[in-house]
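Residue-level structure breakdown
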Amino acid sequence: MRRILPALVLVAVLLAACSGTAPHPHATGPTSTTTTPVVPTTTAPGASSTKPVTPTAGNVVEDLTWISPTHGWALVDDGPCGQATGNQVLTTTNGGAAWTPVGSIAAPSGNCSGAGLVGVSHIRFANNLDGYAFGPQLYVTTDGGVTWTQENGPYVTTLEPTGANVMRVSFTQTGCPGPCDLTVQLAPAGSSAWQSVTAPFQGDAVQLVRQGSDAYVAVYGNPAGGGDAHTTLMMSQDGGTTWGQRADPCDDVGGDEFDTVAINAAPQSVLVALCRDRLQSQRAYVAVSTDSGVVFAGQSVLSESAFLGSIAATSASTIFVGTAGSPGTGSTQWVLLASTDGGHSWQTAVSESGQAQPFFPTEPFLGFENTTVGRWVGDPYHLWETTDGGVHWVKQAIAT
């Protein structure tokens with residue numbers, strides 16, 4: 001079974017506010033902007049499983065990566081911002097039931113407020129030896145995570161391995177405002193010989209998703225900017241050799257602007273987009289494509305008390321959406337919703353509450369390794385795992 005890559009790799013590439021300037025990606029091939037209008041409706045969530053969370057010191061889960069349903073790594077921050085000297089890397093070979101420290105990275109957490117262009121906030125492994133920690137600096141390992149070396153070159157905002165190669169989106173300049181020269185690049189796994197496959201473009205934030213030979217780059221607008229915040233979607237069906245481009249998969253509803261805030265891909269040419277109301281951020285819907293992003297069908301608008309920001313799919317019908325992170329202080333709630341009818345109706349799969357912290361990641365992990373095994377990080381001290389396609393979820397601690 002081909003791996004279904006994690007949905008949530010959205011990275012804010014600049015902490016300062018950026019303008020709503022439209023990105024200008026280099027693209028070739030056919031384009032399409034056809035979508036199906038959405039009719040607002042109200043959906044009632046199903047029964048939830050509420051688990052209180054008691055924060056403990058250390059081991060804040062920043063990101064996860066998996067090369068099989070059982071073998072994975074975790075990037076964890078061992079303390080609050082300003083106190084940690086680096087990031088720990090843990091590994092598991094039994095699906096997360098037990099974790100073992102394997103190495104450390106001499107860089108602070110990129111999630112720390114004010115970190116600027118320093119640190120790392122994400123981790124990916126291409127195989128059992130070659131791994132990458134990035135966002136915005138780039139560190140690499142070729143021994144399974146034991147030793148890490150900073151790679152000279154551009155900053156890296158998002159990176160995804162598939163098969164024998166690795167694709168990333170990099171930049172070297174800011175101040176346009178925002179990154180001025182975002183570029184999609186390819187390299188063999190374990191190699192530093194990166195080759196640019198697009199011309200430079202500009203965006204406020206970027207997400208990269210890969211599924212087989214399909215690759216998608218969502219170039220997000222700035223919702224705080226003066227213009228619209230619609231996303232531009234770049235698409236390749238040949239592993240990044242040629243690219244097409246289309247407008248935001250999300251349609252406006254009842255005069256309200258809905259923007260793509262996260263995407264995810266599944267086998268059989270499935271691409272899903274989480275569409276969120278720009279002014280009423282607790283209103284969202286999911287748009288589904290079964291032709292690699294050419295045409296999308298939007299579903300019913302749902303209203304949730306949670307701030308939705310991540311999405312994953314195992315098929316065109318089985319879709320999951322989760323809350324974005326809650327940095328700050330005070331009580332908060334993390335929610336994972338599930339749909340088995342392509343986004344028409346939703347049920348609460350997991351709900352947990354706890355205390356937010358200023359250093360919590362804003363991009364919790366949500367992803368499936370195949371149609372049955374998936375993980376979600378809500379409160380960043382634990383992960384939830386399903387082995388039956390999302391019917392049941394079990395909570396596990398990330399502990400050394």
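Residues numbered from 1 in each chain as written. Predicted model: local features only at pLDDT ≥ 70, side-chain atom pairs only at ≥ 80, totals over all residues. Heavy atoms only, no water.

**Points about the overall build of the chain**
The helix and strand tally for the chain stands at zero helices and 32 strands. Relative to its 400 residues, the chain shows a buried fraction of 59%. Considering only contacts in the chain between residues 6 or more positions apart, those separated by 24 or more positions represent 51%. Surface exposure of the chain reaches about 14,400 Å², of which carbon and sulfur atoms provide 52%. (Helix = DSSP H or I, 4+ residues; strand = E, 2+ residues; numbered from the N terminus. Buried < 20%, exposed > 50% of the residue type's maximum accessible area, 1.4 Å probe, protein only. Contact = heavy atoms within 4.5 Å. Areas by Shrake-Rupley, 256 points an atom, 1.4 Å probe, with all protein chains shown as cover.)

**What to know about the packing of aromatic side chains**
All chains considered together, the criterion is met by eight aromatic pairs. Seen from their ring centres, Phe125 and Trp148 are 6.0 Å apart, and the 90 degrees between their planes marks the pair as edge-to-face. Linking Phe125 in strand β8 (residues 122-125) with Trp148 in the loop between β10 (138-141) and β11 (149-150), this pair joins segments that are 23 residues apart in sequence. Of the two residues, Phe125 and Trp148, neither departs from the other in class, the shared state being buried. (Phe/Tyr/Trp six-rings, centres within 6.5 Å; stacked < 30°, edge-to-face > 60°.)

**Here's the deal with the sheet that holds strand β30 (residues 374-376)**
With antiparallel pairing, four strands are arranged side by side in an open sheet as β29-β30-β31-β32. On the outer flanks of this sheet lie β29 (366-368) and β32 (394-397), each paired with one strand and no other. Looking at each pair of strands side by side, their axes are set apart by 25 degrees on average, direction ignored. As paired elements, β29 and β30 share three bridges and run antiparallel to each other. Residue pairing for β30: Leu366 is matched across the bridge by Trp376. (Pairing = 2+ DSSP bridges. Axes fitted to C-alpha atoms, helices over the stretch in contact; angles between N-to-C directions.)

**Focus: the pattern of salt bridges**
Overall, the coordinates contain nine salt bridges when judged by the stated rule. Between Glu151 and Arg168 there is a salt bridge; the shortest N-O distance is 3.6 Å. Here Glu151 is found in the loop between β11 and β12 (155-162), whereas its partner Arg168 is found in strand β13 (residues 165-171), with 17 residues between them in sequence. Residue classification places Glu151 among the buried residues on the basis of a relative accessible area of 14%. Where Glu385 meets Arg375, a salt bridge forms, and the shortest distance between an N and an O atom there is 2.7 Å. (Salt bridge = Lys/Arg side-chain N within 4 Å of Asp/Glu carboxyl O.)

**Quick look at the state of the cysteines**
In the structure shown here, the tally under the stated rule is one disulfide. Covalent S-S linkage joins Cys250 and Cys275, the inter-sulfur distance amounting to 2.0 Å. Residues Cys250 and Cys275 are joined by a disulfide whose S-S torsion is about -85 degrees; by sign, that bridge is left-handed. One end of the pair, Cys250, is in the loop between β19 (244-246) and β20 (258-266); the other, Cys275, is in strand β21 (residues 270-277), and 25 residues separate them in sequence. Comparing Cys250 with Cys275, the two get one shared label, buried. (Disulfide = S-S within 2.5 Å.)

**A short note on the sheet that holds β13**
Read across the open sheet, the four strands follow the order β12-β13-β14-β15; overall the sheet is antiparallel. Every interior strand has two partners, whereas the edge strands, β12 and β15 (195-196), have only one.

By themselves these figures say nothing about function.
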